[in-house]
Amino acid sequence: MFLEPQQLTTEIDIGDGRVALAFEYDGRDFHGWQLQKSGVRSVESDLTAAVSKVANHPVDLVCAGRTDAGVHSSYQIAHFETSSTRSLRSWVMGINTALPGDIAVHWAGNAPGDFHARFSAVYRRYRYVIYNHPVRPGIQRGQVSWTFKPLDAGCMHEAAQALLGEHDFSAFRAAGCQSRSPIRFMEQVTVTRKGEFVVIDIQANAFLHHMVRNIAGALMAVGSGQQPVNWIREILEQRDRKLAGVTAPPHGLYLVDVGYPERYGIPQAECGPGFLRPWYSEEENHPIPPTHIHPKLSVQKP
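Residues numbered from 1 in each chain as written. Predicted model: local features only at pLDDT ≥ 70, side-chain atom pairs only at ≥ 80, totals over all residues. Heavy atoms only, no water.

**A short note on the packing of helix H1 (residues 43-55) against helix H2 (residues 88-98)**
(1) Moving on: H2 packs onto H1 with a crossing angle of 130 degrees between their chain directions and a minimal axis gap of 8 Å. Between H1 and H2, the angle is such that the two are oblique. Of the two elements, H1 crosses H2, and the hand of that crossing is right-handed. Here Leu47, Ala50, Val51, Lys53, Val54 and Ala55 of H1 come into contact with H2, specifically with Ser90, Trp91, Gly94, Ile95 and Ala98.
(2) Moving on: Each residue belonging to the contact of H1 with H2 can be placed in one class, and the counts come to eight nonpolar, two polar and one charged. (Axes fitted to C-alpha atoms, helices over the stretch in contact; angles between N-to-C directions. Helix = DSSP H or I, 4+ residues; strand = E, 2+ residues; numbered from the N terminus. Parallel < 35°, antiparallel > 145°, perpendicular 65-115°, else oblique. Left-handed = near helix turned anticlockwise from the far one by under 90°. Contact = heavy atoms within 4.5 Å. Nonpolar A, V, L, I, M, F, W, Y, C, P; charged D, E, K, R; others polar.)

**Quick look at the packing of aromatic side chains**
(1) Moving on: Under the definition given, this model contains 12 aromatic pairs.
(2) Moving on: Plain terms: the ring middles of phenylalanine 115 and tyrosine 264 are 5.2 Å apart, the flat faces sit at 65 degrees to each other, and that makes the pair edge-to-face. With phenylalanine 115 in the loop between strand E4 (103-110) and strand E5 (123-132) and tyrosine 264 in the loop between strand E10 (253-259) and helix H6 (282-285), the pair connects residues that are 149 residues apart, well separated along the chain. Pair check on accessibility: phenylalanine 115 and tyrosine 264 agree, each one buried.
(3) Moving on: Taken together, the ring pairs connect Tyr131, Phe197, Tyr254, Phe275 and Trp279 into an aromatic cluster.
(4) Moving on: For arginine 127, the ring lying beneath its charged end belongs to tyrosine 280, and the centroid distance is 4.3 Å.
(5) Moving on: Above the plane of the ring of tyrosine 280 lies lysine 194, whose end atom (NZ or CZ) is 4.3 Å from the centre. (Phe/Tyr/Trp six-rings, centres within 6.5 Å; stacked < 30°, edge-to-face > 60°. Buried < 20%, exposed > 50% of the residue type's maximum accessible area, 1.4 Å probe, protein only. Lys NZ or Arg CZ within 6 Å of the ring centre and 35° of its normal.)

And the structure:
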(Lines give C-alpha, C1' and ligand atoms only; values in the text may rest on other atoms or scores of the structure.)
Protein backbone atom coordinates (compact mmCIF):
# COMPACT_ATOMS: atom_id res chain seq x y z
CA MET A 1 0.00 0.00 0.00
CA PHE A 2 2.89 2.38 0.78
CA LEU A 3 6.13 3.17 -1.02
CA GLU A 4 8.01 2.74 2.27
CA PRO A 5 7.15 0.07 4.89
CA GLN A 6 5.32 1.39 7.95
CA GLN A 7 6.32 -0.50 11.10
CA LEU A 8 3.50 -0.99 13.61
CA THR A 9 5.62 -0.07 16.60
CA THR A 10 4.52 0.36 20.21
CA GLU A 11 7.27 2.93 20.80
CA ILE A 12 5.54 5.86 19.09
CA ASP A 13 2.74 7.63 20.96
CA ILE A 14 0.03 9.15 18.76
CA GLY A 15 -2.90 11.29 19.77
CA ASP A 16 -3.86 14.24 21.99
CA GLY A 17 -4.50 16.33 18.90
CA ARG A 18 -5.14 15.77 15.21
CA VAL A 19 -4.61 12.20 13.97
CA ALA A 20 -4.51 11.05 10.35
CA LEU A 21 -5.40 7.55 9.13
CA ALA A 22 -4.57 5.72 5.89
CA PHE A 23 -6.94 2.90 5.01
CA GLU A 24 -8.55 0.87 2.23
CA TYR A 25 -12.00 -0.57 1.63
CA ASP A 26 -14.03 -2.78 -0.66
CA GLY A 27 -17.00 -0.59 -1.60
CA ARG A 28 -19.38 -3.32 -2.76
CA ASP A 29 -21.53 -3.45 0.38
CA PHE A 30 -21.33 0.25 1.28
CA HIS A 31 -23.63 3.06 0.27
CA GLY A 32 -20.56 5.22 -0.29
CA TRP A 33 -18.35 7.04 2.21
CA GLN A 34 -20.84 9.48 3.69
CA LEU A 35 -22.98 8.77 6.74
CA GLN A 36 -26.44 7.66 5.64
CA LYS A 37 -29.84 7.25 7.24
CA SER A 38 -30.19 4.59 9.91
CA GLY A 39 -29.76 1.04 8.67
CA VAL A 40 -27.75 1.87 5.53
CA ARG A 41 -24.06 1.01 5.67
CA SER A 42 -21.44 3.62 4.89
CA VAL A 43 -17.67 3.59 5.25
CA GLU A 44 -17.85 6.68 7.44
CA SER A 45 -20.29 5.12 9.92
CA ASP A 46 -18.34 1.86 10.32
CA LEU A 47 -14.94 3.54 10.59
CA THR A 48 -16.21 6.24 12.97
CA ALA A 49 -17.61 3.61 15.32
CA ALA A 50 -14.32 1.69 15.33
CA VAL A 51 -12.13 4.77 15.89
CA SER A 52 -14.44 6.04 18.64
CA LYS A 53 -14.17 2.70 20.42
CA VAL A 54 -10.36 2.83 20.47
CA ALA A 55 -10.27 6.54 21.35
CA ASN A 56 -12.86 5.92 24.09
CA HIS A 57 -14.85 8.99 23.02
CA PRO A 58 -16.94 10.03 19.99
CA VAL A 59 -14.96 11.28 16.98
CA ASP A 60 -15.82 13.04 13.73
CA LEU A 61 -13.96 11.86 10.64
CA VAL A 62 -13.07 13.98 7.60
CA CYS A 63 -11.88 12.11 4.50
CA ALA A 64 -9.85 13.12 1.46
CA GLY A 65 -12.66 12.38 -0.99
CA ARG A 66 -16.18 11.04 -0.63
CA THR A 67 -16.64 7.95 -2.78
CA ASP A 68 -20.02 6.82 -4.12
CA ALA A 69 -21.88 3.59 -3.46
CA GLY A 70 -19.95 0.64 -4.86
CA VAL A 71 -16.70 2.57 -5.34
CA HIS A 72 -13.53 1.15 -3.76
CA SER A 73 -10.36 2.66 -2.36
CA SER A 74 -6.88 1.17 -2.03
CA TYR A 75 -5.62 4.39 -0.40
CA GLN A 76 -7.88 6.78 1.45
CA ILE A 77 -6.94 9.38 4.07
CA ALA A 78 -9.03 10.74 6.94
CA HIS A 79 -8.38 12.82 10.04
CA PHE A 80 -10.00 13.28 13.43
CA GLU A 81 -9.41 15.07 16.74
CA THR A 82 -8.77 13.12 19.92
CA SER A 83 -7.75 13.73 23.52
CA SER A 84 -6.54 10.13 23.81
CA THR A 85 -3.01 8.83 23.31
CA ARG A 86 -2.26 5.36 21.98
CA SER A 87 0.74 3.70 20.32
CA LEU A 88 0.82 3.38 16.55
CA ARG A 89 0.22 -0.34 16.87
CA SER A 90 -2.67 0.14 19.28
CA TRP A 91 -4.47 2.57 16.99
CA VAL A 92 -4.08 0.41 13.88
CA MET A 93 -4.69 -3.01 15.41
CA GLY A 94 -7.40 -1.76 17.77
CA ILE A 95 -9.36 -0.05 15.01
CA ASN A 96 -9.04 -3.07 12.72
CA THR A 97 -10.28 -5.39 15.46
CA ALA A 98 -13.42 -3.24 15.71
CA LEU A 99 -13.92 -3.00 11.93
CA PRO A 100 -15.76 -5.33 9.52
CA GLY A 101 -13.60 -7.29 7.10
CA ASP A 102 -14.10 -4.96 4.13
CA ILE A 103 -12.24 -2.00 5.70
CA ALA A 104 -8.61 -2.09 6.84
CA VAL A 105 -6.55 0.69 8.45
CA HIS A 106 -2.83 0.52 7.58
CA TRP A 107 -1.35 3.58 9.30
CA ALA A 108 -2.03 6.27 11.90
CA GLY A 109 0.00 9.33 12.74
CA ASN A 110 -0.11 12.74 14.35
CA ALA A 111 -0.69 15.58 11.92
CA PRO A 112 -0.14 19.32 12.35
CA GLY A 113 -3.15 21.34 13.44
CA ASP A 114 -3.49 22.87 9.98
CA PHE A 115 -3.64 19.48 8.25
CA HIS A 116 -6.98 18.75 6.60
CA ALA A 117 -7.57 15.42 4.84
CA ARG A 118 -9.61 17.10 2.12
CA PHE A 119 -8.39 20.68 1.78
CA SER A 120 -4.66 19.95 2.27
CA ALA A 121 -4.64 17.44 -0.60
CA VAL A 122 -2.96 18.66 -3.79
CA TYR A 123 -4.13 15.82 -6.04
CA ARG A 124 -6.23 12.66 -6.25
CA ARG A 125 -5.63 9.66 -8.48
CA TYR A 126 -8.11 7.01 -9.59
CA ARG A 127 -7.94 3.84 -11.64
CA TYR A 128 -10.99 2.55 -13.49
CA VAL A 129 -10.82 -1.16 -14.35
CA ILE A 130 -12.84 -2.64 -17.21
CA TYR A 131 -13.08 -6.37 -17.86
CA ASN A 132 -13.36 -6.56 -21.67
CA HIS A 133 -14.58 -10.04 -22.51
CA PRO A 134 -17.66 -11.62 -24.15
CA VAL A 135 -18.59 -13.31 -20.85
CA ARG A 136 -19.26 -11.33 -17.67
CA PRO A 137 -16.91 -11.86 -14.69
CA GLY A 138 -17.88 -14.22 -11.89
CA ILE A 139 -15.12 -14.14 -9.27
CA GLN A 140 -14.41 -10.43 -9.76
CA ARG A 141 -18.04 -9.40 -9.93
CA GLY A 142 -18.38 -6.09 -8.10
CA GLN A 143 -14.64 -5.44 -8.31
CA VAL A 144 -14.41 -4.49 -11.99
CA SER A 145 -16.63 -2.99 -14.64
CA TRP A 146 -17.53 -5.11 -17.69
CA THR A 147 -18.36 -4.70 -21.34
CA PHE A 148 -18.64 -7.40 -24.00
CA LYS A 149 -17.98 -4.87 -26.77
CA PRO A 150 -14.34 -5.02 -27.93
CA LEU A 151 -12.50 -1.87 -26.81
CA ASP A 152 -9.63 -0.20 -28.65
CA ALA A 153 -7.49 1.04 -25.76
CA GLY A 154 -5.23 2.96 -28.16
CA CYS A 155 -8.15 5.07 -29.44
CA MET A 156 -9.36 5.61 -25.89
CA HIS A 157 -5.93 6.82 -24.82
CA GLU A 158 -5.63 9.17 -27.80
CA ALA A 159 -9.07 10.64 -27.13
CA ALA A 160 -8.34 11.08 -23.42
CA GLN A 161 -5.37 13.38 -24.07
CA ALA A 162 -7.83 16.18 -24.88
CA LEU A 163 -8.64 16.27 -21.16
CA LEU A 164 -5.11 17.19 -20.03
CA GLY A 165 -4.58 20.60 -18.48
CA GLU A 166 -7.05 23.03 -16.97
CA HIS A 167 -10.61 22.91 -18.31
CA ASP A 168 -14.23 23.45 -17.47
CA PHE A 169 -15.39 19.85 -16.95
CA SER A 170 -19.12 20.59 -16.91
CA ALA A 171 -19.66 17.93 -19.60
CA PHE A 172 -18.52 15.27 -17.10
CA ARG A 173 -20.20 16.68 -14.01
CA ALA A 174 -23.17 15.03 -12.27
CA ALA A 175 -26.38 17.04 -12.18
CA GLY A 176 -26.31 17.09 -8.38
CA CYS A 177 -22.66 18.11 -8.05
CA GLN A 178 -22.25 20.71 -5.30
CA SER A 179 -18.81 22.01 -6.26
CA ARG A 180 -18.68 25.78 -6.63
CA SER A 181 -16.57 25.56 -9.80
CA PRO A 182 -16.34 23.04 -12.65
CA ILE A 183 -12.71 24.02 -13.32
CA ARG A 184 -10.18 21.26 -12.68
CA PHE A 185 -6.58 20.59 -13.70
CA MET A 186 -6.02 17.16 -15.25
CA GLU A 187 -2.44 16.05 -14.55
CA GLN A 188 -2.47 12.68 -16.28
CA VAL A 189 -4.82 10.28 -18.02
CA THR A 190 -3.70 7.05 -19.64
CA VAL A 191 -5.64 4.10 -21.04
CA THR A 192 -3.85 0.78 -21.36
CA ARG A 193 -4.84 -2.79 -22.11
CA LYS A 194 -3.65 -5.47 -19.68
CA GLY A 195 -4.74 -8.75 -21.25
CA GLU A 196 -8.54 -8.86 -21.00
CA PHE A 197 -8.62 -5.71 -18.88
CA VAL A 198 -8.61 -2.06 -19.93
CA VAL A 199 -7.46 0.36 -17.24
CA ILE A 200 -8.00 4.13 -17.14
CA ASP A 201 -5.42 5.79 -14.85
CA ILE A 202 -6.36 9.39 -14.12
CA GLN A 203 -5.01 12.13 -11.84
CA ALA A 204 -6.22 15.68 -11.22
CA ASN A 205 -6.02 18.31 -8.51
CA ALA A 206 -9.61 17.34 -7.61
CA PHE A 207 -12.64 15.73 -9.23
CA LEU A 208 -16.28 16.69 -9.68
CA HIS A 209 -19.11 14.37 -8.64
CA HIS A 210 -19.18 11.34 -11.01
CA MET A 211 -16.41 12.96 -13.11
CA VAL A 212 -14.23 9.85 -13.46
CA ARG A 213 -17.18 7.56 -14.15
CA ASN A 214 -18.57 9.97 -16.75
CA ILE A 215 -15.17 10.18 -18.45
CA ALA A 216 -14.91 6.39 -18.37
CA GLY A 217 -18.33 6.02 -19.97
CA ALA A 218 -17.43 8.46 -22.74
CA LEU A 219 -14.07 6.78 -23.39
CA MET A 220 -15.77 3.38 -23.61
CA ALA A 221 -18.04 4.82 -26.32
CA VAL A 222 -14.91 5.83 -28.24
CA GLY A 223 -13.19 2.51 -27.62
CA SER A 224 -16.17 0.51 -28.91
CA GLY A 225 -16.35 2.58 -32.11
CA GLN A 226 -19.62 4.29 -31.26
CA GLN A 227 -17.91 7.68 -31.27
CA PRO A 228 -14.82 9.08 -33.04
CA VAL A 229 -11.61 9.97 -31.21
CA ASN A 230 -12.21 13.74 -31.44
CA TRP A 231 -15.62 13.38 -29.75
CA ILE A 232 -14.10 13.76 -26.27
CA ARG A 233 -12.61 17.14 -27.17
CA GLU A 234 -15.89 18.27 -28.74
CA ILE A 235 -18.07 17.47 -25.72
CA LEU A 236 -15.49 18.93 -23.34
CA GLU A 237 -15.64 22.22 -25.23
CA GLN A 238 -19.45 22.23 -25.38
CA ARG A 239 -19.72 21.79 -21.57
CA ASP A 240 -23.05 19.98 -21.82
CA ARG A 241 -23.46 16.86 -19.68
CA LYS A 242 -26.34 15.64 -21.86
CA LEU A 243 -23.94 15.16 -24.79
CA ALA A 244 -21.37 13.03 -22.95
CA GLY A 245 -23.21 9.70 -22.82
CA VAL A 246 -23.74 7.24 -19.97
CA THR A 247 -22.12 7.12 -16.55
CA ALA A 248 -19.92 4.03 -16.16
CA PRO A 249 -20.77 1.63 -13.29
CA PRO A 250 -19.21 2.39 -9.88
CA HIS A 251 -17.64 -0.98 -9.12
CA GLY A 252 -14.75 -0.54 -11.58
CA LEU A 253 -13.54 2.61 -9.81
CA TYR A 254 -10.73 2.77 -7.24
CA LEU A 255 -9.28 5.76 -5.39
CA VAL A 256 -5.58 4.81 -5.44
CA ASP A 257 -3.66 7.88 -4.27
CA VAL A 258 -4.09 11.22 -2.51
CA GLY A 259 -1.12 13.58 -2.43
CA TYR A 260 -0.11 16.05 0.28
CA PRO A 261 2.78 18.46 0.82
CA GLU A 262 5.75 16.62 2.34
CA ARG A 263 5.66 18.63 5.56
CA TYR A 264 2.50 16.82 6.71
CA GLY A 265 4.29 13.47 6.93
CA ILE A 266 1.57 11.40 5.24
CA PRO A 267 3.13 8.21 3.79
CA GLN A 268 3.08 8.02 0.01
CA ALA A 269 1.01 5.39 -1.78
CA GLU A 270 2.17 2.64 -4.07
CA CYS A 271 -0.86 2.75 -6.33
CA GLY A 272 -3.22 -0.21 -6.32
CA PRO A 273 -5.52 -1.97 -6.16
CA GLY A 274 -3.45 -4.97 -5.15
CA PHE A 275 -4.52 -7.31 -7.96
CA LEU A 276 -3.72 -4.63 -10.53
CA ARG A 277 -0.37 -3.43 -9.15
CA PRO A 278 1.76 -6.23 -10.71
CA TRP A 279 0.49 -5.31 -14.18
CA TYR A 280 2.40 -2.03 -14.02
CA SER A 281 6.05 -1.15 -13.63
CA GLU A 282 7.36 0.18 -10.32
CA GLU A 283 7.57 3.66 -11.83
CA GLU A 284 3.96 3.51 -13.07
CA ASN A 285 2.77 2.62 -9.56
CA HIS A 286 4.64 5.50 -7.95
CA PRO A 287 2.99 8.85 -7.19
CA ILE A 288 2.98 11.45 -9.95
CA PRO A 289 4.20 14.79 -8.55
CA PRO A 290 1.72 17.53 -9.50
CA THR A 291 2.87 20.30 -11.80
CA HIS A 292 0.01 22.62 -10.97
CA ILE A 293 -1.25 23.44 -7.48
CA HIS A 294 -4.55 25.30 -7.19
CA PRO A 295 -4.87 27.89 -4.43
CA LYS A 296 -6.69 26.60 -1.37
CA LEU A 297 -9.95 27.89 0.01
CA SER A 298 -9.43 30.82 2.38
CA VAL A 299 -11.60 29.19 5.04
CA GLN A 300 -11.12 25.52 5.86
CA LYS A 301 -13.75 23.50 7.62
CA PRO A 302 -12.68 21.53 10.73
